[in-house]
Amino acid sequence: MRLVLLGAPGAGKGTQAKKLIDKYGIPQISTGDILRKAVADGTPLGKEAKSYMDKGELVPDSVVIGLVKERIAQDDCKKGYILDGFPRNTAQAETLDKVLNDLGMPLTAALSVDVPKDDLMKRLTGRRTCKGCQQMYNIYFSPSKKEGVCDKCSGELFQRDDDKEETIKRRLDVYEASTAPLIDYYNKKGILKSVQGVGSIDDIFKKVCAVLEA
Ligand code: AMP
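Residues numbered from 1 in each chain as written. Predicted model: local features only at pLDDT ≥ 70, side-chain atom pairs only at ≥ 80, totals over all residues. Heavy atoms only, no water.

**Details of the packing of helix 1 (residues 13-24) against helix 9 (residues 201-213)**
At their nearest, the axes of helix 1 and helix 9 sit 10 Å apart, and the two run at 60° to each other. In terms of orientation, helix 1 and helix 9 fall into the oblique class. Regarding helix 1 and helix 9, the two cross each other, and that crossing is right-handed. Contact with helix 1, carried on its side by Thr 15, Gln 16, Lys 19, Leu 20, Lys 23 and Tyr 24, involves Ile 201, Asp 202, Ile 204, Phe 205, Val 208, Cys 209, Leu 212 and Glu 213 of helix 9 and no other residues of that element. A breakdown of the residues in the contact of helix 1 with helix 9 according to their chemical character gives eight nonpolar, two polar and four charged. (Axes fitted to C-alpha atoms, helices over the stretch in contact; angles between N-to-C directions. Helix = DSSP H or I, 4+ residues; strand = E, 2+ residues; numbered from the N terminus. Parallel < 35°, antiparallel > 145°, perpendicular 65-115°, else oblique. Left-handed = near helix turned anticlockwise from the far one by under 90°. Contact = heavy atoms within 4.5 Å. Nonpolar A, V, L, I, M, F, W, Y, C, P; charged D, E, K, R; others polar.)

What follows is the structure, encoded as structure tokens:
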């Protein structure tokens, strides 16, 4: 299965992707995670990307497309993969289609996780991640037992730089302007599937599996 996950920041794409990894045994490719690692490692690419990310803007297409091409060529992607956070605009989607068509391995589906805008703000401003094991929490909906400390590994919980309120607003605007049109793009190609991303994580996952296996 070669799957694209679509949805606004905070729609829960990453959470669903992690459950899909377990079920289907294929890797998640999150361009956001790859870029954040490059930033943390202080690589030249990370330094370039950071200025865009901190503002909630998209990193230039050339950078991100290069990363994805390199990643999907790796052995663990032979059985398929879940693209999370890529493509983010029509230019990226068209390039992806071209690359995959040349390989004779087009996308299987694009799954849109739809969440009302009011909910997204709380999800994003409340989000905390463990420095140790990357476990995610939300101070409003799913807090850790002890504030600031991971239940699983006792690691320190932190807020992503781009989860600050101003940046979040910008990221949601960028989503509306650049990424939301991809829903129509994949619909026209006949591979769009949608689920409502509200309710418990497990209930959403059941809906995700149902539309993917339909
Ligand atoms: P995410 O974790 O997917 O919300 O991504 C965090 C940030 O990384 C975004 O706000 C962008 O600055 C950057 N980013 C991630 N994926 C892409 C992409 N496909 N194209 C451009 N920028 C991206």
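**Concerning the sheet that holds strand 4 (residues 109-114)**
Taken together, the five strands give an open sheet; going across it, the order is 2-3-1-4-8, and neighbouring strands pair in parallel fashion. Either end of the sheet is taken by a strand with one partner, and the two such strands are strand 2 (28-30) and strand 8 (192-196). Geometrically, the sheet is characterised by an average inter-axis angle of 20° between neighbouring strands, direction not taken into account. (Pairing = 2+ DSSP bridges.)

**A closer look at a nonpolar patch on the surface**
On the surface, a cluster of nonpolar side chains totalling about 320 Å² of accessible area is made up of Ile 139, Tyr 140 and Phe 141. Relative to the helices and strands, Phe 141 resides in the loop between strand 6 (136-138) and strand 7 (157-158). (Patch = residues over 30% accessible without salt bridge, like charges linked within 9 Å, V, L, I, M, F, W, Y side chains within 5 Å. Areas by Shrake-Rupley, 256 points an atom, 1.4 Å probe, with all protein chains shown as cover. Salt bridge = Lys/Arg side-chain N within 4 Å of Asp/Glu carboxyl O.)

**Description of unusual backbone geometry**
Excluding glycine, a negative phi dihedral is what most residues carry, and trans is how most peptide bonds are arranged. Here the amide bond leading from Phe 86 into Pro 87 is cis, since omega sits at -5°, within 30 degrees of zero. In this structure, Pro 87 sits in the loop between strand 3 (81-84) and helix 5 (90-103). Even without being glycine, Gln 134 reaches a positive phi, approximately 70°. When you line up the elements, Gln 134 lands in the loop between strand 5 (127-130) and strand 6.

**Notes on the site of the ligand**
The local shell around the ligand holds 16 residues, among which Thr 31, Arg 36, Glu 57, Gly 85 and Gln 92 are the closest. The backbone of Glu 57 places a nitrogen or oxygen atom 2.6 Å from an oxygen atom of the ligand. Arg 160 places a side-chain nitrogen or oxygen 3.2 Å from an oxygen atom of the ligand. When the free accessible area of the ligand is taken as 480 Å², the share hidden by the protein chains comes to 95%. Considering every element that reaches the shell around the ligand, the biggest residue donor is helix 2 (residues 31-41), with four residues. (Near = heavy atom within 4 Å. Polar contact = N/O pair within 3.5 Å; in protein donor to acceptor, adjacent residues only side chain to side chain.)

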